[in-house]
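# Close look at the chain arrangement
Here are the chains, one letter per residue:
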Amino acid sequence: AVVSTQSGHYGRAVSKKSLDLELVHRRWGPKGSVQVSASHTTTTKELVTLQFEGSHLDKKDTFGKSDPFFEIYRVTGGHEALVKRSEVIYNNLNPRWRQIEMSSSQLCACDENAVIKIKVYDYDEASAPDLIGHCTTTLKEMKKIKKEIIQWDLINPKKQGKKRNYKNSGVLKILQCISVKTFSFLDYVSAGLQLNCMVAFDFTASNGHPNTPASLHHLNAQGVNQYTMAWSSIGQVLQDYDWDKMFPAYGFGGALPPNNQVSFEFALNANPQDPNCAGIEGVIQAYQMALQNVALSGPTNCAPIMRTATRYANACATTPNGGQGYLILLILTDGQFTDLNQCVQAIQQASTSPISIIIVGVGNADFSNMEYLDGDKNSHTRGRDIVQFVPFNKYAHTPPLLARELLAELPGQVEKYFSAKKIPPIGKKLH
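Residues numbered from 1 in each chain as written. Predicted model: local features only at pLDDT ≥ 70, side-chain atom pairs only at ≥ 80, totals over all residues. Heavy atoms only, no water.

Sheet strands line up and pair through hydrogen bonds in the backbone, either parallel or antiparallel. Strand order in the open sheet formed by four strands is β6-β3-β10-β9, with antiparallel pairing between adjacent strands. The open sheet has two edge strands, β6 (100-103) and β9 (151-153), and neither has a second partner. Averaged over all adjacent pairs, the angle separating strand axes in this sheet is 30°, with direction ignored. Of the strand pairs in this sheet, β9 and strand β10 (residues 171-182) are connected by three bridges, and their pairing is antiparallel. From the neighbouring strand, tryptophan 152 faces β10, where its bridge partner is leucine 172. (Pairing = 2+ DSSP bridges. Helix = DSSP H or I, 4+ residues; strand = E, 2+ residues; numbered from the N terminus. Axes fitted to C-alpha atoms, helices over the stretch in contact; angles between N-to-C directions.)

Any two side chains of opposite charge can pair, on the condition that their charged atoms come close. Under the counting rule described, the total for this entry stands at seven salt bridges. Residue aspartate 58 is joined to lysine 159 by a salt bridge in which the shortest nitrogen-to-oxygen separation is 2.8 Å. Taken together, the residues aspartate 58 in the loop between β3 (45-55) and β4 (68-76) and lysine 159 in helix α4 (residues 157-162) connect sequence positions 101 residues apart. Its relative accessible area of 14% is what places aspartate 58 among the buried residues. On the accessibility criterion, lysine 159 (24% relative accessible area) is partly exposed. (Salt bridge = Lys/Arg side-chain N within 4 Å of Asp/Glu carboxyl O. Buried < 20%, exposed > 50% of the residue type's maximum accessible area, 1.4 Å probe, protein only.)

So, on to the side chain of serine 66. Following the sequence through the fold, serine 66 ends up in the loop between β3 and β4. Polar side-chain contacts of serine 66 include one of 2.7 Å to the backbone oxygen of aspartate 58. A distance of 2.9 Å separates the side chain of serine 66 from the backbone nitrogen of lysine 60, its partner in a polar contact. (Polar contact = N/O pair within 3.5 Å; in protein donor to acceptor, adjacent residues only side chain to side chain.)

With omega at 5°, the peptide bond leading from proline 257 into proline 258 counts as cis. In this fold, proline 258 is placed in the loop between β13 (254-256) and β14 (261-263). A cis amide bond links glycine 298 with the next residue in sequence, proline 299, at an omega value of 5°. Within the fold, proline 299 resides in the loop between β17 (295-296) and α8 (303-315). The phi dihedral of asparagine 91 is positive, around 50°, even though this residue is not glycine. By secondary structure assignment, the location of asparagine 91 is in the loop between β5 (79-85) and β6. Located in the positive-phi region is lysine 422, a residue other than glycine, with phi close to 55°. Assignment of secondary structure puts lysine 422 in the segment after α12 (410-420). Relative accessible area serves as the criterion here: at 55%, lysine 422 is assigned to the exposed category.

Let us look at the environment of lysine 146. Summarising the element assignment, lysine 146 is placed in the loop between α3 (139-142) and β9. Along the sequence, lysine 146 and leucine 175 sit 29 residues apart, while their C-alpha atoms lie 9.7 Å from each other.

Time to look at the pairing of strand β12 (residues 246-252). Burial runs high along β12: six of the seven residues are buried. Two strands pair when backbone bridges link them, and strand β11 (residues 194-202) and β12 are joined in this way by four bridges, in the parallel orientation. Residue phenylalanine 201 lies in a different strand from β12, and its bridge partner there is glycine 251. After leaving β11, the chain enters helix α6 (residues 226-238) and then returns to the sheet as β12, a path that is right-handed. Inspection of the sheet shows β12 paired to strand β15 (residues 266-267) by two bridges, in the antiparallel sense. When the bridges of β15 are listed, tyrosine 250 appears paired with alanine 267. (Right-handed = clockwise from strand over helix to strand, strands pointing away.)

This part is about helix α11 (residues 399-407). Within the sequence span of α11, burial applies to Leu402, Ala403, Leu406 and Leu407. Taken end-on, α11 shows its buried residues confined to a sector of 110°, consistent with a single buried face. Of the exposed residues in α11, those oriented more than 90 degrees away from the buried face are Pro400 and Arg404. Buried positions along α11 lie against α6, β19 (355-361), β20 (387-391) and α12. (Arc of directions from axis to C-beta. Contact = heavy atoms within 4.5 Å.)

With that out of the way, let us pick up the pairing of β11. Within β11, nine of the nine residues are buried, leaving the element largely enclosed by the surrounding structure. The side-chain alternation of β11 yields two buried faces, one formed by Gln194, Asn196, Met198, Ala200 and Asp202 and the other by Leu195, Cys197, Val199 and Phe201. Bridging between β11 and strand β18 (residues 325-333) involves eight bridges; their strand directions are parallel. Bridge pairing links phenylalanine 201 to leucine 332 in β18.

When pLDDT is averaged across the protein chain, the result is 86; 90% of the residues are at 70 or more. Contacts for the low-pLDDT stretch residues 1-12, under 50 throughout, to residues beyond four places or in other chains number 18 contacts. (pLDDT = per-residue confidence, 0-100.)

In this section: the packing of aromatic side chains. The final tally for this structure, using the stated rule, is 15 aromatic pairs. An angle of 50° between the planes, with centres 6.4 Å apart, marks the rings of phenylalanine 52 and tryptophan 152 as tilted. Linking phenylalanine 52 in strand β3 with tryptophan 152 in strand β9, this pair joins segments that are 100 residues apart in sequence. This pair shows no difference in class: phenylalanine 52 is buried, exactly as tryptophan 152 is. With centroids separated by 6.1 Å and ring planes inclined at 65°, the aromatic side chains of tyrosine 326 and tyrosine 417 adopt a geometry described as edge-to-face. With a gap of 91 residues between them, tyrosine 326 in strand β18 and tyrosine 417 in helix α12 connect regions that are remote in the sequence. Each member of the pair, tyrosine 326 together with tyrosine 417, is buried. Ring-pair connections join several aromatic residues into one group, and the members of that group are Phe183, Tyr188, Tyr326, Tyr417 and Phe418. (Phe/Tyr/Trp six-rings, centres within 6.5 Å; stacked < 30°, edge-to-face > 60°.)

This is the structure:
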């Protein structure tokens, strides 16, 4: 079934707080409806950590006990929205589930007094789960765990209606409720966060000689190629956040004059003491100059530039005037990294530093190991996910979409860094 997503529906949902939309199957017509609820959240959020355990849950399985899991729902205007589901604990009537984390905006729209419903189910692989029981609470009540025992009777409405002396179908107890104030990306930017951008161009031979029209480094009559297009698209967005509009620009995998020594982190402007270039055009000019002087070579080793960027990020974490700094490393490459294991180690080490790594794949090569580095698709990295990868050709004709796709995760990565370090925006307090 499909439902129309015209912009008018969004406006009506926001203005009316809820909106019923008909689900229509392309072949078989009306197939029910879906209700869209809209609620406003404040800018002050908390990261909430919860842990629950159940006791004396009802036995639901014929040849075993129960396989319980729970779901947490935010209740708004009588409507329930699922916000979290726990893992299943098999064959256990007294389960203790793992800790779960969510923002207070997800949990209760930042309203401590908003109703939260918790439903405990028995998992069934062959059919829909069976309700063991449910209870309602609020974030304000759960926070009382510091001073008193908080637990609730799990009520099964069907059993309650049939049994005169029905008490409950088990008990749900909260073991932990920890809330830490968090701030948004805009909170940090508004308080003066200085974003810096470093860019690195792939100078390996697999790109093809720049004088060859088929080369990815070949410049057309306007001095443009896929590398400059990708940099310009993203740089146009990043420069609005970069406080001094000066971009450290590097190349990797090129053979430098006069001895043709291969380098994996050379300054495009040939000034290793000051690799900064003024603005987007300054980077492009330095890149064009490097193409004339640096021979393409290889291999495609990228761990060195990642480590250099991490050192730079740590040095810029605190600005000279006492402000906050964060670095974005943009890597433009035509193929897979040959030092993948070293890159994974470099990313793991960088995950505790104020840095995000954006990788753009240029050309039609196999970029499968780039997907491996992207923390969204694999959990090989410990700590914070700081890598985002996008193939340029997918968005070559829509540069604004390329920038949006690559920068979509940046706000969350910035928020998670400062939250993990317990660093509030300048002028704000955590508690």
